[in-house]
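# Residue-level structure breakdown
Spelled out from the first residue to the last, the chains are:
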There are 2 protein chains.
Amino acid sequence: MSNFDKTREQFVIPEGQVYLVGNSLGLMPKGAAKRVLHTIEAEWGTMAVKAWNNAGWMDQPDKLGNRLAPIIGAAADTVTTGDTLSIKVFQALSSAMALRPKRRVILSDNGNFPTDLYMAGGLVNLLDSDYELRVVNPEEVMDALDEDVAVLMLTQVDYRTGRLHDMKALTKRAHDVGALTVWDLAHTAGAMATDLASNNADFAIGCTYKFLNAGPGSPAFIYVAPHLIETASSALSGWLGHAQPFAFEPAYQPAVGIRKFRVGTPSVLAMASLDAALDIWDDIDINDVRARSIELSELFITEMAKGCPSLTLASPSDPHKRGSQVSFTCDYGYPLMQALIADGVLGDFRAPDIVRFGITPLYLNEGDILQAVEQIRQIVDAKSWDKAEFHARKAVT
Amino acid sequence: MSNFDKTREQFVIPEGQVYLVGNSLGLMPKGAAKRVLHTIEAEWGTMAVKAWNNAGWMDQPDKLGNRLAPIIGAAADTVTTGDTLSIKVFQALSSAMALRPKRRVILSDNGNFPTDLYMAGGLVNLLDSDYELRVVNPEEVMDALDEDVAVLMLTQVDYRTGRLHDMKALTKRAHDVGALTVWDLAHTAGAMATDLASNNADFAIGCTYKFLNAGPGSPAFIYVAPHLIETASSALSGWLGHAQPFAFEPAYQPAVGIRKFRVGTPSVLAMASLDAALDIWDDIDINDVRARSIELSELFITEMAKGCPSLTLASPSDPHKRGSQVSFTCDYGYPLMQALIADGVLGDFRAPDIVRFGITPLYLNEGDILQAVEQIRQIVDAKSWDKAEFHARKAVT
């Protein structure tokens, strides 16, 4: 039995489905229910308030950060968990801006996930009127990096096409012009090695409900490079980031190290689910996951080219320039995806014309890929796809 | 069987304990485990990503807001849930500040819970250097309200003594000088009727893990007065507060109404636990809870005066000026509380010398109160409490 046959057995696979949407919400690890139930019944139910210490709830955000660290190429004690990715965008950005107090520009690209741009916009509105969120095309980022830029904020993997930014080169260029970087790993963490440390990333953030399978709305994470942790501060200076939360001091004194990036009381049930999801990673290496993701993605692309030549690959064809998803453009993408989902092939549609399929090696295998392509082929071939009708349907939704 | 005998039966009471710390973490409702397990297994496990729509996950934060609304005296569609209380402090404050753009002062008191002050301090640091967090003694707040003040931010019930601020009078005075109010209901929600609407509160925030028993780190909530919702904006402008989150538009367009105060992807497991905890409120009225809380608190104070006259009441003796907790000052408060906890009477210690006991009528009755007082009496009487020793122990912790 291969390693990936073993990991597949650790998930609940919805019956009659090929689940190519693990890049939106990862499937449920079998261990999650048991772990959360234990936290509720044996910890909350039995120990009640004493569980904050006796069951280790208080340290859970940082412990989970340390479990995540090797998956994203980070050193120990540089990652903590909590809040949502949107909040962590705000926290990382405002912290990075404060480290470049004379500069006024946040640079990002229009391939970034909208909430990153929304949160950056909210921060800019809150600050002086001379701050600016500057958004360029993804391929223009390198040239747009100049000495106005305080922070470069990018999502490494484009959520629509899977196009991968060159973290190392862009971070180097950012540093050359004196800027800091905030990398969003939403579609990276658990899908490929990120090597934050060797790429010299300054800040990174991400969610755990996609390729890390920690459940709907599970905690986000934040990474701060070791050389910045001492000087970086958090504008979201909540009590759990205080050096002594239970001293109830009137003045804020940040904790030492990554703990200062904690904010409020951790969501213990969500943390329990994340903990269970990370168990799977004890027996598997992220580099093997990446290699397997490339195998499966290449198979998918090859078979789609044969079976469904009318769909145009929207993802980079070079697997090393692509995350762990494969996208196609298709005029009738919206109704096609509706039909596919009804038929048990789960992917999703992203406006205006992208159908995307997430590749999660932890629970997908060759059989799934071949079955998905066959079902897609049959559906594409079987129907008379009337473009006008589909555009009308799209307008309604 | 009285209503409160019935509510008591809906909780798991840790064996051999009198749990007077529900103002820190409420006990586990029996329905919580089942509900969360259902969400994990029957929703996440079976529907996976489809559950966002099919299981109603996407609307859960606002639905829960509407379930909370009557408990805090708010109208429908004025409350939403999510994040932590610390984050909601930041969100409410920054929103209120933006509605008073010419003013620079946040007024609060040193009886406020530290995280409120920390978060306000973080916000002030982020803004122009002429912004100010002004902190006065609780009894000086009324006189400190002047036309410099943009926002008055107070926690209604003092977390140490239970002293209750006069929400109506302070809000009226704030409005008279042109300021807005942000009320923290951490120790109010589920303990007493708040009447946000009739008190003309502008913003309110709170947590759900104390008197609402939704579990460790359960979602916070935010209330915005109906007349402000249209003009108020959220600086934490995450995608779930967008008018059309799934349109993935590059520009932020806030949702109509309270939905704009949502931020990131909701923590679905935590929401499920909150939903189960709110079931209990379908059959009980908050005014009855308050009346019962006063009965039990008065009994506790009377019996303590008889049994433990050496402990000095730190809470207001007038029950209408007190939340749902009773506190005493005691030189040897720290070791006393350690001994009480070891003996099964759970309260907590707040520096420098406060022992506090939360009164939660949903699961406490006269028998618990009498038993607690008897155990406290025995422990106070039995030992030779050496002050010097206790101060030494305090210094170590």
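Residues numbered from 1 in each chain as written. Chains lettered and ligands numbered in written order. Predicted model: local features only at pLDDT ≥ 70, side-chain atom pairs only at ≥ 80, totals over all residues.

### Overview of the interface of chain A and chain B
Listed per partner, the contact involves 65 residues of chain A and 65 residues of chain B. Taken together, the elements giving at least two residues each to the side of chain A that touches chain B come down to helix H2 (30-47), helix H5 (85-98), helix H6 (114-126) and helix H10 (268-279) of chain A. Broken down by class, the residue content of the side of chain A that touches chain B amounts to 40 nonpolar, 20 polar and five charged. (Contact = placed C-beta atoms within 7 Å. Helix = DSSP H or I, 4+ residues; strand = E, 2+ residues; numbered from the N terminus. Nonpolar A, V, L, I, M, F, W, Y, C, P; charged D, E, K, R; others polar.)

### A few points about the sheet that holds strand S10 (residues 325-329) of chain A
Taken in spatial order, the four strands line up as S9-S10-S13-S12 (chain A) in an open sheet, and their pairing is antiparallel. Of all strands in the sheet, those with a lone pairing partner are strand S9 (312-313) and strand S12 (348-350) of chain A, marking the two edges. (Pairing = 2+ DSSP bridges.)

### Concerning H6 of chain A
Residues and elements named next belong to chain A. Taking 1.5 Å as the rise per residue, H6 with 13 residues should run 18 Å; its terminal C-alpha atoms sit 18 Å apart, in good agreement. Of all the 13 residues making up H6, eleven are buried; the element is thus mostly covered by neighbouring parts of the structure. Those residues of H6 that sit buried are Pro114, Thr115, Asp116, Leu117, Tyr118, Met119, Ala120, Gly122, Leu123, Val124 and Leu126. (Expected span 1.5 Å × (residues − 1). Buried ≥ 20, exposed ≤ 12 C-beta atoms within 10 Å, placed from the backbone.)

### Looking at the pairing of strand S3 (residues 105-109) of chain B
Residue and element names in this part refer to chain B. Burial analysis of S3 places five of its five residues in the buried class, which makes it a mostly covered element. Side-chain alternation along S3 places Val105, Leu107 and Asp109 on one buried face and Ile106 and Ser108 on a second face that is also buried. Pairing of S3 with strand S4 (residues 132-136), which is carried by five bridges, proceeds in the parallel orientation. Within the sheet, the bridge partner assigned to Val105 lies in S4 and is Glu132. In terms of strand pairing, S3 meets strand S5 (residues 149-155) through three bridges, oriented parallel. The residue bridging Val105 from the neighbouring strand is Val149, located in S5.

### Overview of the domain arrangement of chain A
Residue and element names in this part refer to chain A. Segmentation of chain A into domains returns domain 1 (3-28 + 285-396) and domain 2 (56-283). Here the C-alpha centroids of domain 1 and domain 2 sit 29 Å apart. Contacts between the two partners involve 27 residues from domain 1, matched on the other side by 19 residues from domain 2. Counting only elements with at least two residues in the side of domain 1 that touches domain 2, the list comes to helix H11 (286-307), S10 and strand S13 (354-358). Here the side of domain 1 that touches domain 2 gets four residues from one element, more than from any other, and that element is H11. For the side of domain 1 that touches domain 2, a count of residues per class yields eight nonpolar, 14 polar and five charged. (Domains from an automatic or database assignment.)

### Comments concerning helix H13 (residues 366-382) of chain A
Residues and elements named next belong to chain A. Along its 17 residues, H13 runs 24 Å from first to last C-alpha, staying within 8% of the 24 Å computed at 1.5 Å per residue. Along H13, the residues that are buried comprise Asp368, Ile369, Ala372, Val373, Ile376 and Val380. Axial view of H13: buried residues confined to an arc of 130°, hence all on one face. Away from its buried face by more than 90 degrees, H13 exposes Gly367, Asp381 and Ala382. Each element contacted by the buried residues of H13 is listed here: strand S1 (18-19), H11, helix H12 (333-342) and strand S11 (345-346). (Arc of directions from axis to C-beta.)

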